[in-house]
Amino acid sequence: MLKTITKTLVGAVFAGGLLVPHAFAETTLNALFMAQAAYSEADVRAMTDAFTKANPDVKVNLEFVPYEGLHDKTVLAQGSGGGYDVVLFDVIWPAEYATNKVLVDVSSKITDDMKKGVLPGAWTTVQYDGKYYGMPWILDTKYLFYNKDILEKAGIKAPPKTWEELGAQAKIIQDKGLLKTPIAWSWSQAEAAICDYTTLVSAYGGDFLKDGKPDFQNGGGLSALKYMVDSYKSGLTNPNSKEFLEEDVRKVFENGDAAFALNWTYMYNMANDPKDSKVAGKVGVVPAPGVTGISEVSAVNGSMGLGVTAVSKHPDEAWKYIEYMTSQATQNQYAKLSLPIWASSYDDPAVTKGQEQLIAAAKLGLAAMYPRPTTPKYQELSTALQQAIQESLLGQSSPEDALNTAAKNSGL
Amino acid sequence: MERRSPAFTIFIYGCALLLAAIILAPIAWLFIMSISPAADLAAKPLRWWPQAADFSRYQTLLSTAENSAGAAFTSSLRNSLEISGMATLAALALAIPAGWAVSRTPAIGWSLSMVIATYMLPPVALAVPLYMGLSHLGLLNNVFGLALVYLTILAPFTTWLMKSGFDSIPREIEAAAMIDGAGLFQTLRIITLPLAAPVMATSALFAVLLAWDEFFYALLFTSDQRAKTLTVAIADLAGGRVSDYGLIATAGVLAALPPVLIGLVMQRALISGLTSGGVKG
Amino acid sequence: MSSTWMTTRAWLLMLPLLVVMVAVIGWPLVDTVGLSFTDAKLVGTGGNYVGFDNYTNMLSSSNFSRTLVTTTLFAVISVAAEMVIGVLAALLLNQQFHGRAILRALMILPWALPTVVNATLWRLIYNPEYGALNAALTQLNLIDAYRSWLGEPGTALTALIVADCWKNFPLVALIALAALQAVPRDITAASLVDGAGPFNRFRFVILPYLAGPLMVALVLRTIEAFKVFDIIWVMTRGGPANSTRTLSILVYQEAFSFQRAGSGASLALIVTLLVTVLAVAYAALVRKTAGSAA
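Note that the coordinates shown come from a computational prediction; the quantities given were computed from them, not determined experimentally.

### Comments concerning the overall build of chain B
- Each helix and strand in chain B was counted, giving 13 helices and zero strands.
- Along the chain direction, N to C, the helices and strands of chain B fall in the order α-α-α-α-α-α-α-α-α-α-α-α-α.
- Here the C-alpha radius of gyration of chain B, 23 Å, is well above what a compact globule of 281 residues would show, namely 19 Å.
- Structurally, chain B occupies a C-alpha span of about 75 × 70 × 35 Å along its principal axes.
- Counting contacts in chain B only where the partners sit at least 6 residues apart, residues at least 24 apart contribute 72% of the total.

### A short note on the UniProt feature "transmembrane region" (unreviewed entry) in chain C
Residue and element names in this part refer to chain C.
- In the numbering used here, UniProt assigns the "transmembrane region" (unreviewed entry) feature to residues 12–30, 68–93, 105–125, 156–183, 204–223 and 265–285.
- The annotated region residues 12–30 carries 100% helix and 0% strand content, and the separation between its end C-alpha atoms amounts to 24 Å.
- Counted over residues 105–125, helix gives 86% and strand 0%. Its end C-alpha atoms are 24 Å apart.

### Some remarks on the interface of chain C and chain B
- Listed by partner, the interface residues are 79 residues for chain C and 76 residues for chain B.
- The leading source of residues in the side of chain C that touches chain B is helix H1 (residues 3–35) of chain C, at 18 residues.

### As for the domain arrangement of chain B
Residues and elements named next belong to chain B.
- Partitioning chain B into structural domains gives domain 1 (1–54) and domain 2 (71–280).
- Placing a centre on the C-alpha atoms of domain 1 and another on those of domain 2 gives a separation of 33 Å.
- Tallying the contact residues gives seven residues for domain 1 and seven residues for domain 2.
- Looking at the side of domain 1 that touches domain 2, the elements that each hand over two or more residues are helix H1 (6–35) and helix H2 (38–41).
- Of all the elements, H1 adds the most residues to the side of domain 1 that touches domain 2, at four residues.

### A closer look at the packing of helix H11 (residues 230–239) of chain B against helix H12 (residues 245–265) of chain B
All names here are of chain B.
- At a minimum axis distance of 10 Å, the contact between H11 and H12 shows a crossing angle of 165°. Looking at the two axes, H11 sits roughly antiparallel to H12. When the axes of H11 and H12 are compared, the crossing they make is left-handed. Side by side, H11 and H12 meet where Leu230, Ile234, Leu237 and Ala238 of the first sit next to Ile248, Ala251, Gly252 and Ala255 of the second.
- Looking at side-chain class alone, the contact of H11 with H12 contains seven nonpolar, one polar and no charged residues.

### Structural notes on the sheet that holds strand E11 (residues 260–263) of chain A
All names here are of chain A.
- Reading across from one edge, E8-E11-E7-E12-E13 is the order of the five strands in this open sheet, with mixed pairing throughout. Looking at the sheet topology across the chains shown, the edges are occupied by strand E8 (183–184) and strand E13 (297–298).
- As paired strands, E8 and E11 are joined by two bridges and run parallel to one another. By the bridge assignment, alanine 184 is partnered in E11 with alanine 261.
- Across the sheet, helix H11 (residues 246–254) touches strand E7 (143–147), E8 and E11, and the angle it forms with E11 is around 150°.

### Comments concerning the sheet that holds strand E1 (residues 27–34) of chain A
Residues and elements named next belong to chain A.
- The mixed open sheet is built from five strands, whose spatial order is E2-E1-E3-E14-E6. Every other strand in the sheet has two partners, leaving strand E2 (58–65) and strand E6 (135–138) as the edge strands with one partner each. Within this sheet the neighbouring strands show an average axis-to-axis angle of 30°, counted without direction.
- Two elements, E1 and E2, share eight bridges in a ladder whose sense is parallel. Among the inter-strand pairings, methionine 34 is bridged to a residue of E2, identified as valine 65.
- Against the sheet, helix H2 (residues 41–54) makes contact with E1 and E2, and its axis sits at roughly 170° relative to E2, the strand it touches most.

Thresholds, definitions, all that
- Residues numbered from 1 in each chain as written.
- Chains lettered and ligands numbered in written order.
- Predicted model: local features only at pLDDT ≥ 70, side-chain atom pairs only at ≥ 80, totals over all residues.
- Helix = DSSP H or I, 4+ residues; strand = E, 2+ residues; numbered from the N terminus.
- Rg over C-alpha atoms; globule rule 2.2 N^0.38 Å.
- Contact = placed C-beta atoms within 7 Å.
- UniProt positions renumbered as here; feature names shortened; annotations may be inferred.
- Domains from an automatic or database assignment.
- Axes fitted to C-alpha atoms, helices over the stretch in contact; angles between N-to-C directions.
- Parallel < 35°, antiparallel > 145°, perpendicular 65-115°, else oblique.
- Left-handed = near helix turned anticlockwise from the far one by under 90°.
- Nonpolar A, V, L, I, M, F, W, Y, C, P; charged D, E, K, R; others polar.
- Pairing = 2+ DSSP bridges.

See the structure below:
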């Protein structure tokens, strides 16, 4: 009995050992990506395959984690000698990563061609204190998606231009019995909720910080949260939004269970794919609306960049890989789920073909992108804000009180 | 045996059916999800039975094509096997001498109690220094590093079980062999260990189950395919881009299969192991 | 053979185990104590000595007290439910009926399911839009609209407890069943002759046999429930509005997400202390139960 078991165990260990793929490449890079919005895992793998074909001496191991794990994984891998060489990072992290020396300064590697060719808004993703900590890769903001079919049935001619109008149109859809709860958001206790909130803060002209101190509890920041709470309480918003992430929003929208949804670029072509989506061909997209007298459109800067970690033993190869992934050719080829960072791509028929409406929305939305605050203590600020948003939605506290508490707990 | 009234018999069968339903329904649903087409799982009202069984997800996850989602899953499967295998072997290697020593020399029993008391420590209390220590030794994101940490979770349990096992082997047998001139290690090898083989098997299986289940340390100390275990891979899958709930369910079925099989086959041994700890308190 | 040599030999055989435990658990524990008095970050420098600041900050923060309450609720309710349901299931399995052996074999399934798989499974079941629970309850006309089980503070913790309980009550049942089968037949028969009712029979005849094993299960489960991390991490990550955030999740957030290793360490030690107090209290109780049962 024991012998067999021991044998099996030993066998398992050895069999495992034999399965390890033998790498003949001279350099192995480890790269960390997310399995969430923007480029799909399949896209990233295909891009990487093309890179390794062109550079046979380099092998790239890809690791995909949920967005929620991206920050912690990056930080935790700093302690491991053979950690990641290339990491995907969100626009909110360069301050922390630069302060804690997670990423290397690559300012000297940014060429003039890059500086000229890439949209100015994209550069804010990778900059902190005047230095560059990587290349922007995903240029993204949240758009307002709508189901053309449902709007037509409700007799609505054009998608909303203001947030107020969004509520009014949702009410019509609800009154006509087309959908019980027409609007879907990602308000789970996660960064996703902050992105929706930031979109509204930009619409209401609010400020996160003033002179380094929290200011979201006043003015536009407060109005933004109040709008969320009103929309939730009015029953126009799908109440399950408070446990949705972007993927849940997409699923609900693709199933035809939402007339309006706030989500990233990637949803446009995914929801238009008849293989997985029931609303293919009925997907409309416009920039997130504005607020009368304050803004025309609203947008959150949800861009992300690729950087070389400070622990990388192959920074040159890592940079080469990043250059390839962010090159205009690569980005144009995979422009369905994430739009290029390069200005001239937006007038390239190869990129715009079949997604003219998305490009039109992007031109307005990307220009209006509003940043989440830049601070090394962003994680704490965000955690405090997430709690404030959820407490207000659940009626545990008023938006005023919740935001004041968040300001106190933000660590700033 | 008391005679049961028909009403009581019906009551018993009713309860038994209820219990069976409670136990089986979630597990059956996990399996059904894994073979249902994605559209069925997003249907309203929900379709409880797939129109056509679809096993393609198993193929997807078990494919080993380089640089694919399947390769990521199979590598985590391999890591889980390696880590729980190594940790279990090492835990037995520590537990056999230690368990025997405590069984035959109760005076040192308090040291085993101390070892077992470490079970109370929440992993979060050790995580930061362990993280720094493993980092220093270059053992982060490494199967050996994780196996070493798991060893300290498994060893107290295996030692305790081995001690209980040795307790039930009479000392007199060992003494008789020694009188015949056998040395200590010879005696242990020829007499005691064969008698303790069933306990060793139970301990090993317990250890494998414990290691297979671990999540927290694996989450912190691994970062990619080189060491990431199955539990972390499943949590990543469930938290990430999940257009298809069936795929998550498939990963769950595959991860549950080994421990469930061990549980079913070794049921009697596992329960006696559990209760031997329990009854002696 | 001298007894000194016996003892020395025993220590020698014990040594490898002790070395590993001290190296991988003892030393980090001591190190955590040291860290807890500093403002060390996770990566980088060792930090400065800050005295008891971390402890006083933590103990006075509303986050801590709220999390402590949540953790206690989770532990007490889930363990109590597991005990009651487990014993009831064991009493049932101790009856004779067709299919008993199969049912008993099935009991091992939830327990053998890895915790993370269990959590994932229940998260899918609770899914507010496409989950099986909403579908089943609606089709049975028990609720008229789909609900957000993990999105409402009122139901999220309960939903977690149900998931945890489903996985763990079979263990209690199996332990209790083994103990029940050790109850001598003639004792139950004698109590029948004495005309004891079913409840009294359970209370005075059967329970004493169960008390010992159940106490041990109770201690183990309570300690585990107090340390809970996996199931919550996978199902809610502490949300909604932090209503399911337990102590272990809070420590993770502090030490790893915010990278404040020092204050994370102080919080971890507070948790350790609480678990230790709990365990010692239980141990005393176990001894008392064992005494009265004998």
